[in-house]
Amino acid sequence: MKIVWSRHSRIRFFERSLIYGINFGEAEQNILRQKVKQKQKDGTIKTIFKALDYFFTVIKEETKKQINVVSIWESNEREVLLWKKKN
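All of the points below concern the structure found in this document. (Residues numbered from 1 in each chain as written. Predicted model: local features only at pLDDT ≥ 70, side-chain atom pairs only at ≥ 80, totals over all residues. Heavy atoms only, no water.)

Some points on helix α3 (residues 77-86)
Of all the positions in α3, only Glu-79, Val-80, Leu-82 and Trp-83 are classed as buried. Here the buried residues of α3 occupy an arc of 160 degrees about the axis, which is enough to place them on one side. Opposite the packed face of α3, turned more than 90 degrees from it, sit the exposed residues Glu-77, Arg-78, Leu-81 and Lys-85. Tucked into the core, α3 has its buried residues touching β2 (36-39), β3 (45-51), β4 (54-62) and β5 (66-74). The residue sitting at the N-terminus of α3 and contributing the capping side-chain oxygen is Asn-76; that oxygen lies 3.1 Å from the backbone nitrogen of Arg-78. (Buried < 20%, exposed > 50% of the residue type's maximum accessible area, 1.4 Å probe, protein only. Helix = DSSP H or I, 4+ residues; strand = E, 2+ residues; numbered from the N terminus. Arc of directions from axis to C-beta. Contact = heavy atoms within 4.5 Å. Polar contact = N/O pair within 3.5 Å; in protein donor to acceptor, adjacent residues only side chain to side chain.)

Quick word on the packing of aromatic side chains
Applying the stated criterion across every chain yields a total of nine aromatic pairs. Measuring from centroid to centroid gives 4.8 Å for Trp-5 and Phe-24, while their planes differ by 25 degrees, and the two rings are stacked. Here Phe-24 lies in helix α2 (residues 24-33) and Trp-5 lies in strand β1 (residues 2-5), a separation of 19 residues in the sequence. Centroid distance Phe-14 to Phe-24: 5.7 Å. Interplanar angle 10 degrees. Geometry classified as stacked. With a gap of ten residues between them, Phe-14 in helix α1 (residues 7-20) and Phe-24 in helix α2 connect regions that are remote in the sequence. For Phe-14, a relative accessible area of 45% gives the class partly exposed. In textbook terms, an aromatic cluster arises when at least three aromatic residues are bridged by ring pairs, as seen for Trp-5, Phe-13, Phe-14 and Phe-24. (Phe/Tyr/Trp six-rings, centres within 6.5 Å; stacked < 30°, edge-to-face > 60°.)

Examining the sheet that holds β5
With mixed pairing, the five strands of this open sheet are ordered in space as β1-β5-β4-β3-β2. Looking at which strands have only one partner, the edges of the open sheet turn out to be β1 and β2. Strand-to-strand, the axes of this sheet are offset by a mean angle of 35 degrees, without reference to chain direction. Sheet strands in contact with α1 are β1, β4 and β5, and its direction is about 45 degrees off that of β5. Taken strand by strand, α2 contacts β1, β3, β4 and β5, and its axis lies near 120 degrees from that of β1. (Pairing = 2+ DSSP bridges. Axes fitted to C-alpha atoms, helices over the stretch in contact; angles between N-to-C directions.)

Right under this line is the structure:
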């Protein structure tokens with residue numbers, strides 16, 4: 001499956017990669033794996049993942065052939081608890 005990053009999400013990711021030391025491959029692997037995901041009211045999907053010792057949340061739009069990453073940020077406490085509950 002192909003992963004496409006919006007300009008906004010790419011900029012946000014590069015900011016986080018400088019701060020936390022995560023890499024693109026690791027993020028994309030976790031986005032594909034989708035261990036914790038929630039459908040949103042607007043039709044997008046929220047995916048929460050852990051990279052190194054940090055938690056991140058991704059908003060994405062998904063089809064059978066492509067994942068469009070819309071945004072990425074550091075997970076809040078509620079999202080971290082959800083991730084821990086499902087793993």
